[in-house]
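# Remarks on the overall topology
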Amino acid sequence: MNSVRRGPEKNSKHKNHDTISKLTADNEIPFPNLLLSAIPQQVWTANATGEIDYVNEIICSDFGHSQQAILEHGWTAFVHKEDLETSVELWQKSLRSKNDYVTEFRLLFADGNYYWHLARARLIEQQGRPDIWVGTNTNIHFQKLNEARKDEFLSIASHELKTPLTTIKGFHQLLLKSMEDGKTKNYLQRSASQLERLERLIGDLLDVSKINAGKLTLNQDNFNFSQMLSDAVSEMNHIYTSHKLNLEIEKDIVYTGDKFRLEQVIQNFISNAVKYSPGASKVDIDCRIIDKNLIVSVKDYGIGIDPKDVKKLFDRYYRADNSSTRFDGLGLGLYISADIIKRHGGSFWIESTIGQGSVFSFKLPLLQEKYFEPKIRTNSYYKDRYITISCSQDSDIMNVEWTGYQDMHSVKHGGSLMVEYLKANQKSKVFNDNRLVPGTWSEASDWAATVWLPLMELAGLKYFAWILSESTFSQLSAEKSIDNEAKRSEIIFFNQAEEGIAWLGNV
Ligand code: ADP
């Protein structure tokens, strides 16, 4: 069986339920109260609607207020204003989804200073009693300061290393020009590639410290993307003599963005493709326009990536197990590339098979606004370039087919139509086909989990067969979309359409 079951399951997080309900029962046992007051940690509880109804003594002494005053002011009065919006948003989200609450914020202490805390809360469902949220705020101020010091050190060190290197590189080039052919010139030429490498490593460190400090700026301009890509590839063809870099490209694509930064992304993808395919002899690069998106893919025939590593690769310093010891690197290139692509409003994804190779792709929207012009729209049938919905009279199944690259706009648009058609046609089962969806649409998963799924259930959804795309990143987006504790419908993922149809026929 190729399907992955994700029906309603018992969540392990409610295991401690009995213990906690004892802890919080008023005056039931004196020991828990003593424990909560003595523990060197801020502890609080809130009711199901999110109102704080208990804070321990540590909170009172940290804030310099009585329990009653803190409950009256509310917790938001003590949160730094720069952290307030995100923490309130996440809290509201947890209240809706009943998922754990996790955030970091600065809290105002009695000494007038703000200190960084890691807040975590979990909903405890109690039989016969109202649900409660139990939360802790852990002081992480020193860790945060150390992190900031480390980032500052990285920034200073990479700046300081860059200046002498630039001078060395300049003299090196002068020497190379003035040198007659011979042994010495040969040595100089060989050291040039190491200088390039050093320059790239230092550049990456510098960029990461800029991203961390929110100082990586883009210089947006109109430029010929096709020309930039061909120039970058032909330059790299000179550097990487071990591999032939094949380029397929549509001519004269004009794009508005930061040419230098996008070239950096391409260089990173290509140099990785070469580095992680030591036994191969070619890399294929492809650039085309699909659905008003510029899509660039770099395909190698190398070591590939284990599925467990795939989604973490764009994290800072992350390196996959199969490469960390065999290949040089800092694990920064993809993190920087991801930031650059996101700032251009784009997205990226990876397809990979271990031992066979990988395709790294990114998508840049050419139009900011999408136009959803329906090709056909009746009461039971809808079709545009992204989605087709059909509800036939003689079945209780609504058929949905998604087509092409999706993003926040298209998912919201298609998802809302699904709610509308499900309700109007009074169906309870959905056959949701993602086989024609490449790439990723992870930016919309959160919306799908917290807004779309509850609306679908209100509209009558009971059984949902989700036929997955072959794209790993599209699958990850789908999985995140049903990550809602409060869901009541049964949603099952399938790789084969026939299995989805059979399941819907039987439920
Ligand atoms: P670095 O190559 O310096 O380690 P990157 O951020 O560019 O840093 O890449 C992060 C990790 O992603 C690499 O360490 C490697 O494990 C994996 N990786 C990147 N590109 C490829 C590829 N083409 N094939 C296999 N693994 C790759």
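Model, not experiment: these values are computed from the prediction.

What counts and what doesn't
- Residues numbered from 1 in each chain as written.
- Predicted model: local features only at pLDDT ≥ 70, side-chain atom pairs only at ≥ 80, totals over all residues.
- Heavy atoms only, no water.
- Domains from an automatic or database assignment.
- Contact = heavy atoms within 4.5 Å.
- Buried area = accessible area lost by both parts, 1.4 Å probe.
- Salt bridge = Lys/Arg side-chain N within 4 Å of Asp/Glu carboxyl O.
- Polar contact = N/O pair within 3.5 Å; in protein donor to acceptor, adjacent residues only side chain to side chain.
- Near = heavy atom within 4 Å.
- Areas by Shrake-Rupley, 256 points an atom, 1.4 Å probe, with all protein chains shown as cover.
- Helix = DSSP H or I, 4+ residues; strand = E, 2+ residues; numbered from the N terminus.
- Nonpolar A, V, L, I, M, F, W, Y, C, P; charged D, E, K, R; others polar.
- Buried < 20%, exposed > 50% of the residue type's maximum accessible area, 1.4 Å probe, protein only.
- Pairing = 2+ DSSP bridges.
- Axes fitted to C-alpha atoms, helices over the stretch in contact; angles between N-to-C directions.
- Parallel < 35°, antiparallel > 145°, perpendicular 65-115°, else oblique.
- Left-handed = near helix turned anticlockwise from the far one by under 90°.

### Side note on the domain arrangement of the protein chain
Parsing the protein chain into structural domains produces domain 1 (15-139), domain 2 (144-212), domain 3 (221-365) and domain 4 (376-506). Relative placement of domain 1 and domain 4: their C-alpha centres are 37 Å apart. Across the contact, five residues belong to domain 1 and six residues belong to domain 4. Across the domain 1 to domain 4 interface the summed buried area is about 450 Å²; carbon plus sulfur atoms make up 48%. Looking at the side of domain 1 facing domain 4, the largest losses of area belong to Lys93, Ser97 and Asn99, adding up to 75% of the total buried there. Aspartate 446 is the partner of lysine 93 in a salt bridge, and the nearest nitrogen-oxygen pair spans 2.8 Å. On the surface where domain 1 and domain 4 come into contact, there are two residue pairs in polar contact (both at pLDDT 80 or more).

### Details of the site of the ligand
Of all residues adjacent to the ligand, which total 22 residues, the nearest are Tyr276, Asp300, Arg319, Ser323 and Leu334. Contacts to the ligand include aspartate 300, whose side-chain N or O atom sits 2.8 Å from a nitrogen atom. Calculation on the ligand without its partners gives an accessible area of 530 Å², and the protein chains cover 97% of this total. Where the shell around the ligand is concerned, the elements lending two or more residues are α9 (259-275), α12 (333-343) and β13 (357-365). Sorting elements by how many residues they give to the shell around the ligand places α9 first, with four residues. Residues belonging to the shell around the ligand are distributed by class as follows: eleven nonpolar, eight polar and three charged.

### A closer look at the pairing of strand β16 (residues 387-391)
Of all five residues making up β16, four are buried, and the element is well covered by its neighbours. With three bridges joining them, strand β15 (residues 381-383) and β16 adopt antiparallel strand pairing. Its bridge partner lying in β16, tyrosine 381 is registered against serine 390. Hairpin connection of β15 to β16: three residues between the antiparallel strands. Relative to strand β17 (residues 397-403), β16 runs antiparallel, the two being bridged by five bridges. Each residue of the ladder has a partner; that of threonine 388, found in β17, is glutamate 401. Count of turn residues in the β16/β17 antiparallel hairpin: five residues.

### Some details on the sheet that holds β13
Sheet strands associate in pairs through backbone hydrogen bonding, adopting either a parallel or an antiparallel arrangement. Across the sheet, which stays open at both edges, the five strands sit in the order β8-β10-β11-β13-β12 with mixed pairing between neighbours. One side of each edge strand has no neighbouring strand; the edge strands of this open sheet are β8 (244-249) and β12 (347-353). Taking each pair of neighbouring strands and ignoring which way they run, the sheet shows an average axis angle of 15°. Judged from the seven bridges that link them, β12 and β13 form a sheet pairing that is antiparallel. Across the sheet, residue glutamate 351 finds its bridge partner in β13, namely valine 359. Against the sheet, helix α8 (residues 225-239) makes contact with β8, β10 (282-290), β11 (293-300) and β13, and its axis sits at roughly 170° relative to β8, the strand it touches most. Packed on one face of the sheet, α9 meets β8, β10, β11 and β13 and runs near 170° to β13.

### Quick look at the packing of α8 against α9
Here α8 crosses α9 at 40°, and the two axes come no closer than 10 Å. What the angle tells us is that α8 and α9 run oblique. The crossing of α8 and α9 is right-handed. Contacts between α8 and α9 involve Phe225, Met228, Leu229, Ala232, Val233 and Met236 on the former and, on the latter, Lys259, Leu262, Glu263, Ile266, Gln267, Ile270 and Ser271. Broken down by class, the residue content of the contact of α8 with α9 amounts to nine nonpolar, two polar and two charged.

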